[in-house]
Amino acid sequence: MTDSSVNPITPDGEIPAHSGEPLVVLENVNKHFGALHVLKDIDVTVHRGEVMVVIGPSGSGKSTLCRAINRLEPIDSGSITLDGVALPDEGKALARLRADVGMVFQSFNLFAHKTILENVTLGPIKVKRMKPATAKKRAMELLDRVGVANQAEKLPAQLSGGQQQRVAIARALAMEPKVLLFDEPTSALDPEMVNEVLDTMVGLAKEGMTMVVVTHEMGFARKAADRVIFMADGQIVEEADPETFFTNPQSHRAQDFLGKILAH
């Protein structure tokens, strides 16, 4: 085992299997929205350097699971730890935790009246107390990495949806998080913009970024995931490596789900 957050890329360019220790641990997590039990006794561990993709039908609890990991959704019972530390409920400790847990939403959530560069530098300057010149240099490197450095002085509305989502990824990376959460990051995009965002995410996976990705993009799951989690009715029904899950799903729910989406 290694405590490195970056896994080496294999000689043939494949994304390596994770070899890190547990980073995010959910134990017996339950969550209700009124009478609706949306997370039922969830037990799952995300290892350092692992890409875990969460799939399942609408209403299965995928997004709630993702949002619980950085306390955007408080849980009713159970525990969630990040790097061995329990998630705090509120206050400065929670703000520090959120700096370690990057989040990319389906609706981008960029500040409309700030430039692309300002969107990416705001967190490091305000939360991490980074010097503005250092934050700007780092932000330009990240914008270049996601392919939108030439848009740095524009406002979000001047960019395509795909470009905005790549800015959102750069903004999350600017906080140097231990884990990145993606909540259906391509579902609000036009079809031709989906691949540019997924390609950016595949690149992060190859670099060893720890990622939890809720998505309907089965191609991404097959290509980039170390492990696929299949959820239905608030429970983890099945988990396996992508090859096993997509070629030989064990549960009737997963077989039915894949039969419907892969037939089109």
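Naming follows an unreviewed UniProt entry, where the protein chain appears as ABC-type polar-amino-acid transporter of Ruania alba. According to the UniProt record, the Sequence similarities (unreviewed entry) comment for the protein chain is "Belongs to the ABC transporter superfamily."

Q: I keep staring at the overall build of the protein chain and nothing clicks. Help me out?
A: The secondary structure content of the protein chain amounts to nine helices and 10 strands. Whereas a compact globule of 264 residues would reach a radius of gyration of roughly 18 Å, the protein chain reaches 18 Å, a difference of no more than 12%. Projected onto its principal axes, the C-alpha coordinates of the protein chain cover approximately 55 × 40 × 40 Å. The buried share among the 264 residues of the protein chain stands at 51%. Within the protein chain, contacts between residues separated by at least 24 positions form 66% of all contacts whose residues are at least 6 apart in sequence. Carbon together with sulfur atoms contributes 51% to the accessible area of the protein chain, which is approximately 12,300 Å² in total.

Q: Any chance you could explain the pairing of strand 3 (residues 51-55) here in plain terms?
A: Within a regular strand, the side chains alternate between the two sheet faces. Across the five residues that make up strand 3, a large majority, five, are buried. Bridging between strand 3 and strand 8 (residues 211-214) involves four bridges; their strand directions are parallel. Within the sheet, the bridge partner assigned to Val53 lies in strand 8 and is Val213. Note: strand 3 against strand 9 (residues 227-232), four bridges, orientation parallel. From the neighbouring strand, Met52 faces strand 9, where its bridge partner is Arg227.

Q: Explain the packing of aromatic side chains to me, please; I cannot follow it from the model alone.
A: Aromatic ring pairs: the centre-centre distance and the angle between the two ring planes describe each pair. Taken as a whole, this structure holds three aromatic pairs when the rule is applied. Ring centres of Phe245 and Phe246 lie 5.3 Å apart, and the angle between their planes is 80°; this geometry places the pair in the edge-to-face category. Look at Phe245 and you get buried, because its relative accessible area is 0%. Each residue in the set Phe230, Phe245, Phe246 and Phe257 is aromatic and connected to the rest through ring pairs, giving one cluster.

Q: Before we go on, may I ask you to explain helix 5 (residues 161-174) in this structure?
A: The α-helix advances 3.6 residues per turn, and as a result positions three or four apart in sequence lie on the same side. Between the first and last C-alpha of helix 5 there are 20 Å, a value that for 14 residues agrees with the 20 Å anticipated at 1.5 Å per step. The element helix 5 is largely enclosed, with a buried count of 14 among its 14 residues. Phi turns positive one or two residues past the end of helix 5, at Glu176, with a value near 50°.

Q: Sorry, what's going on with the sheet that holds strand 8 here?
A: In a beta sheet, neighbouring strands pair by backbone hydrogen bonds and run either parallel or antiparallel. Reading across from one edge, 6-7-8-3-9-10 is the order of the six strands in this open sheet, with mixed pairing throughout. Two strands close off the open sheet at either side, each with one partner strand: strand 6 (101-104) and strand 10 (235-240). For this sheet, the mean inter-axis angle between neighbouring strands, taken without regard to orientation, is 20°. Against the sheet, helix 2 (residues 91-100) contacts strand 6 and strand 7 (179-183), and its axis sits at roughly 65° relative to strand 6. Contacting strand 6 and strand 7, helix 5 crosses the sheet at an angle of about 170° to strand 6.

Q: What exactly am I supposed to notice about the sheet that holds strand 5 (residues 85-86) here?
A: In space, the four strands of this open sheet follow the order 2-1-4-5, with antiparallel pairing throughout. At either margin of the open sheet sits one strand with a lone partner, and together these are strand 2 (36-47) and strand 5. Relative to strand 5, strand 4 (residues 77-82) runs antiparallel, the two being bridged by two bridges. By the bridge assignment, Thr81 is partnered in strand 5 with Ala86.

Q: Looking at this structure, how should I read the pairing of strand 2?
A: Of the strand pairs in this sheet, strand 1 (residues 22-33) and strand 2 are connected by eight bridges, and their pairing is antiparallel. Counted as the bridge partner of Pro22 is His47 from strand 2. Connecting strand 1 to the antiparallel partner strand 2 that follows it, the hairpin turn spans two residues, and Gly34 within it adopts a positive phi of roughly 65°.

Q: Sorry if this is basic, but what is going on with the pattern of salt bridges here?
A: One pass over the full model with this rule turns up 14 salt bridges. Note that Arg227 and Glu50 form a salt bridge whose closest N and O atoms lie 2.8 Å from each other. Of this pair, Arg227 sits in strand 9 while Glu50 sits in the loop between strand 2 and strand 3; the two residues are 177 residues apart in sequence, bridging distant segments of the chain. Judged by relative accessible area, Arg227 falls into the buried class, the value being 14%. Glu196 serves as the salt-bridge partner of Arg166, at 2.9 Å between the closest nitrogen and oxygen. With a gap of 30 residues between them, Arg166 in helix 5 and Glu196 in helix 6 (residues 191-206) connect regions that are remote in the sequence. Each of Glu21, Arg48, Asp83 and Lys178 takes part in salt bridges that share partners, so that together they form one network.

Each value, and the rule that gives it
- Residues numbered from 1 in each chain as written.
- Predicted model: local features only at pLDDT ≥ 70, side-chain atom pairs only at ≥ 80, totals over all residues.
- Heavy atoms only, no water.
- UniProt positions renumbered as here; feature names shortened; annotations may be inferred.
- Helix = DSSP H or I, 4+ residues; strand = E, 2+ residues; numbered from the N terminus.
- Rg over C-alpha atoms; globule rule 2.2 N^0.38 Å.
- Buried < 20%, exposed > 50% of the residue type's maximum accessible area, 1.4 Å probe, protein only.
- Contact = heavy atoms within 4.5 Å.
- Areas by Shrake-Rupley, 256 points an atom, 1.4 Å probe, with all protein chains shown as cover.
- Pairing = 2+ DSSP bridges.
- Phe/Tyr/Trp six-rings, centres within 6.5 Å; stacked < 30°, edge-to-face > 60°.
- Expected span 1.5 Å × (residues − 1).
- Axes fitted to C-alpha atoms, helices over the stretch in contact; angles between N-to-C directions.
- Salt bridge = Lys/Arg side-chain N within 4 Å of Asp/Glu carboxyl O.

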